[in-house]
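# Remarks on the overall topology
Each chain, written out:
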Amino acid sequence: MAASSAPRAGLTALRPPAFGAEPAGERMARIRRSPHFANGVFQNPGGPARMRPSGSGRDMAKQFLDKDSRSRRAPRGTIPVHPTTVADLNRPPATGLRLTWMGHSSVLAEIDGQRVLFDPVWGERCSPFPFAGPKRLHPVPLPLTALGPVDVVVISHDHYDHLDMPTIKELAGTDTVFAVPLGVGAHLERWGVSADRLRELDWQESTRVGGLTLTATPARHFCGRGLRNTQHTLWASWVVAGERHRIYHSGDTGYFEGFRDIGAAHGPFDATMIQVGAYSEFWPDIHMTPEEGVRSHLDLQGGDPAGVLMPIHWGTFNLAPHPWAEPGEWMTDAAAAVGQAVAFPRPGAPFEPGGDLPAEPWWRPLTRPVTRTWKTGSPPRSEETPSNDLDLAGDR
């Protein structure tokens, strides 16, 4: 036995801390009791989702390596980041609800007197290594230490572009509470977050933080940070409800019929933060196009245009073969086709969904004209994409 344990010990020593930790003990027992866990893994709503890119690997590599395609996947100049100031954040929102998009899926939501920080990623790369992996296309709008007190940090799932170890370790030194999907708490405990500050939820479970109710709701995605994707950590979207306002953060998800159920149970929403970037025909089940993002928002609002949609998961990291600014252009067309209000803030610029919305297409001076491959003016499609099973090595 001693001889056989040495290689395992060596592999453990080589495991980067950013890989986090696998759930064990009572946490793993709770995972096994989940109604969404079967055959040793968490299950997606609407059936299995592909765990490997569909189609030819050669075709995918050709798209990623094509010179013209590469040139369109990054801005041609400096993204106009708003340098968020202490004064910006110290002034209470006049309407009681203010959102500040920090880039990608990171959003500070000030809602009914409390501050919620979604998927904070302040790192330079979304990767377990500081020297490799997708690098930021723009700097963070302000240092994490300048953000001020946060009542609760909400994590949607454990992929590197949503759960960043250096950011979590810095936040672990504050008094904030962490609301995470089932199993994700194992990573945070390894990085210094005490168990008494964790609220670890299965889908449809809720927790109270101050005057807010936070509910983990279903999403259609997957999980994993290490070389072995065990599917033992859950992924989720989130509903946050205060005394006067309700907001929704999609995390990462493909389109599925469950948005209607979430809206019926928890909506309507003053604002939704919807993932609309890093989509591809190679992984159609676990990320949404802007057209699908508009459809999901309408489902959440009971079928009609209402509230404000803020597109997230675009413009910060290069994670897919589409042009970096295409989500903004496509969202502009898809929302206009149904009369839905959309906010396009520059990273770091606070705005109130109940006030004047940022609508300037700030990305246009930084990109070559986007070739529209979608049908301008056509209504978003509502049918669910085919079921399949996808593994993107935990970095989407």
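This text goes with the structure placed above it.
Everything quoted here is computed from the prediction, not taken from an experiment. (Residues numbered from 1 in each chain as written. Predicted model: local features only at pLDDT ≥ 70, side-chain atom pairs only at ≥ 80, totals over all residues. Heavy atoms only, no water.)

## Overview of helix α2 (residues 25–33)
- When α2 is considered as a whole, its buried residues turn out to be Arg27, Met28 and Ile31. The arc that holds every buried residue of α2, seen down its axis, measures 95 degrees, which confines them to one face. Of the residues in α2, the exposed ones pointing more than 90 degrees away from the buried face are Gly25, Glu26, Arg32 and Arg33.
- If you follow the buried residues of α2, they end up packed against β1 (37–38), β2 (41–42), α7 (185–190) and β9 (198–201). (Buried < 20%, exposed > 50% of the residue type's maximum accessible area, 1.4 Å probe, protein only. Helix = DSSP H or I, 4+ residues; strand = E, 2+ residues; numbered from the N terminus. Arc of directions from axis to C-beta. Contact = heavy atoms within 4.5 Å.)

## Quick word on helix α9 (residues 290–300)
- By the criterion of burial, α9 is predominantly enclosed, with 11 of the 11 residues buried.
- The inward-facing, buried residues of α9 abut β13 (246–249), α8 (258–266), β14 (271–275), β15 (308–312) and α10 (326–338).
- Residue Gly302 follows α9 closely and has a positive phi angle near 85 degrees.

## Comments concerning the pairing of strand β5 (residues 106–111)
- The element β5 is largely enclosed, with a buried count of 6 among its 6 residues.
- Residues Ser106, Leu108 and Glu110 line one face of β5 and the alternating positions Val107, Ala109 and Ile111 line the opposite face, and both faces are buried.
- Here 6 bridges tie strand β4 (residues 97–103) to β5, and the two strands are oriented antiparallel to one another. In the sheet register, Thr100 faces β5, and the bridge partner there is Leu108.
- The hairpin formed by β4 and β5 contains 2 residues between the paired strands, and His104 there has a positive phi angle of roughly 55 degrees.
- Two strands pair when backbone bridges link them, and β5 and strand β6 (residues 114–118) are joined in this way by 5 bridges, in the antiparallel orientation. What sits directly across from Glu110, in β6, is Arg115.
- In this structure, the hairpin formed by β5 and β6 is closed by a connection of 2 residues, where Asp112 is found at a positive phi of approximately 50 degrees. (Pairing = 2+ DSSP bridges.)

## Describing the nonpolar core
- Ranked by internal contacts, the top residues of the largest apolar core, which has 68 residues, are Val116, Phe118, Leu214, Trp238 and Ile247.
- In this structure, Phe118 is in contact with Ser105, Ser106, Val107, Ala109, Val154, Trp238, Val240, Ile247, His249 and Met273, ignoring residues within four places of it in sequence.
- Residues Ala18, Val180, Trp283 and Ala320 belong to the second largest nonpolar core, which totals 37 residues. (Core = buried A, V, L, I, M, F, W, Y, C linked by side-chain atoms within 4.5 Å.)

## Observations concerning the sheet that holds β4
- Pairing is mixed in the open sheet, where 6 strands are placed in the order β4-β5-β6-β7-β8-β9. On the outer flanks of this sheet lie β4 and β9, each paired with one strand and no other. Neighbour-to-neighbour, the strand axes of this sheet turn through a mean angle of 20 degrees, independent of strand direction.
- As paired elements, strand β8 (residues 177–181) and β9 share 4 bridges and run parallel to each other. Note that in β9 the partner of Pro181 across the bridge is Leu201. (Axes fitted to C-alpha atoms, helices over the stretch in contact; angles between N-to-C directions.)

## What about the side chain of Arg115?
- Tracing the backbone shows Arg115 in strand β6.
- Overall, the relative accessible area of 14% leaves Arg115 in the buried class.
- A polar atom in the side chain of Arg115 sits 3.0 Å from the backbone oxygen of Leu147.
- Every residue in contact with Arg115, bar those within four places of it in the chain, is listed here: Leu89, Leu108, Ala109, Glu110, Leu147, Gly148, Pro149, Val150, Asp151 and Val152. (Polar contact = N/O pair within 3.5 Å; in protein donor to acceptor, adjacent residues only side chain to side chain.)

## Focus on the pairing of β13
- Of the strand pairs in this sheet, strand β12 (residues 237–241) and β13 are connected by 4 bridges, and their pairing is antiparallel. By the bridge assignment for β13, Val240 is matched with Ile247.
- In sequence, β12 turns back onto β13 through a hairpin of 4 residues.
- Examined bridge by bridge, β13 and β14 share 3 bridges and lie parallel to one another. Within the sheet, the bridge partner assigned to His249 lies in β14 and is Met273.
- Each parallel crossover has a hand, and the one from β13 via α8 to β14 is right-handed. (Right-handed = clockwise from strand over helix to strand, strands pointing away.)

## With respect to the pattern of salt bridges
- Within the structure shown, the criterion is met by 13 salt bridges.
- Of the charged contacts, one joins Glu189 and Arg27 as a salt bridge, the two residues approaching to 2.6 Å between their closest N and O atoms. Here the residue Glu189 occupies a position in helix α7, and Arg27 occupies one in helix α2, the gap between them amounting to 162 residues.
- Arg27 sits in the buried class, given a relative accessible area of 19%.
- Where Glu329 meets Arg372, a salt bridge forms, and the shortest distance between an N and an O atom there is 3.0 Å. (Salt bridge = Lys/Arg side-chain N within 4 Å of Asp/Glu carboxyl O.)

## Points about unusual backbone geometry
- Residue Gly267 is joined to Pro268 through a cis peptide bond whose omega torsion reads -5 degrees.
- Note on placement: Pro268 falls in the loop between α8 and β14.
- One non-glycine residue, Asp119, adopts positive backbone phi at about 40 degrees.
- Summarising the element assignment, Asp119 is placed in the loop between β6 and β7 (152–154).
- One non-glycine residue, Ala278, adopts positive backbone phi at about 65 degrees.
- Along the chain, the position of Ala278 falls in the loop between β14 and α9.

Distances and angles like these do not, on their own, reveal function.
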